[in-house]
Amino acid sequence: MRSFLFRLIGILEIAGGLYGAAGALRRLLVMGSTYDMLHALLALIAFGFVLLAGVWLVEGSDRGVAFSRVAQLLQLPLIATPVFSYALHAGAFLNIHTTFHLARPWLDWNFGTQGFVLAVAGPSVSRIGVNLLAVVSWLILKLR
């Protein structure tokens, strides 16, 4: 069972990392503004890391387990405030989040997707949340 779950996590990391790296590379080659280029470069580094962690995890390497733990921790927080925004998901997500002005939790999910948000500014309505799939994946990798 453990081997199956590790392979599943690794496959999601490989798929999301490859899809995200390809999108970031496409944005990087457009040669837009300096901010867009920096954002695309950071996305390429993040998705490349997730891709590498997934490949090593599927191979059964201990290094893959350690890198995948870090990759899952990078996907954990969802922060969107007027001052700072950050979110990363590769492969799939199951997010629970809330806005500060409404104390109601929202559940959002998607499979076969990738996303990277890093901004000094963000939406006027602040949101904060957690990627539950990343939490479960991290716990599976931690409790081996």
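Residues numbered from 1 in each chain as written. Predicted model: local features only at pLDDT ≥ 70, side-chain atom pairs only at ≥ 80, totals over all residues. Heavy atoms only, no water.

K.L.:
Even after reading the chapter, I still don't get the packing of aromatic side chains, so can you show me in this structure?
P.N.:
Ring pairs (aromatic) are described by centroid distance and by the angle formed between their planes. Taken as a whole and assessed by the stated rule, the structure comprises three aromatic pairs. Here the aromatic rings of Phe47 and Phe116 are separated by 6.4 Å at their centres, their planes lie at 70 degrees, and the arrangement is edge-to-face. In this pair, Phe47 is assigned in helix 2 (residues 34-59) and Phe116 in strand 3 (residues 106-119), connecting sequence segments 69 residues apart. Of the two residues, Phe47 and Phe116, neither departs from the other in class, the shared state being buried. A network of ring pairs unites the aromatic residues Phe49, Trp56 and Phe67 as a single cluster. Above the face of the Trp56 ring, Arg63 is positioned so that its terminal group lies 4.0 Å from the ring centre. The residue whose ring lies beneath Arg104 is Trp106, and the NZ or CZ to ring-centre distance is 4.2 Å. (Phe/Tyr/Trp six-rings, centres within 6.5 Å; stacked < 30°, edge-to-face > 60°. Helix = DSSP H or I, 4+ residues; strand = E, 2+ residues; numbered from the N terminus. Buried < 20%, exposed > 50% of the residue type's maximum accessible area, 1.4 Å probe, protein only. Lys NZ or Arg CZ within 6 Å of the ring centre and 35° of its normal.)

K.L.:
Looking at this model, I keep getting lost on a nonpolar patch on the surface. Mind explaining?
P.N.:
A cluster of nonpolar residues, Leu94, Ile96, Leu107, Trp109, Phe111, Val130 and Leu132, forms a patch on the protein surface that exposes about 680 Å² of accessible area. Those elements that provide at least two residues to the nonpolar patch are strand 2 (85-99) and strand 3. Mapped onto the fold, Ile96 is located in strand 2. (Patch = residues over 30% accessible without salt bridge, like charges linked within 9 Å, V, L, I, M, F, W, Y side chains within 5 Å. Areas by Shrake-Rupley, 256 points an atom, 1.4 Å probe, with all protein chains shown as cover. Salt bridge = Lys/Arg side-chain N within 4 Å of Asp/Glu carboxyl O.)

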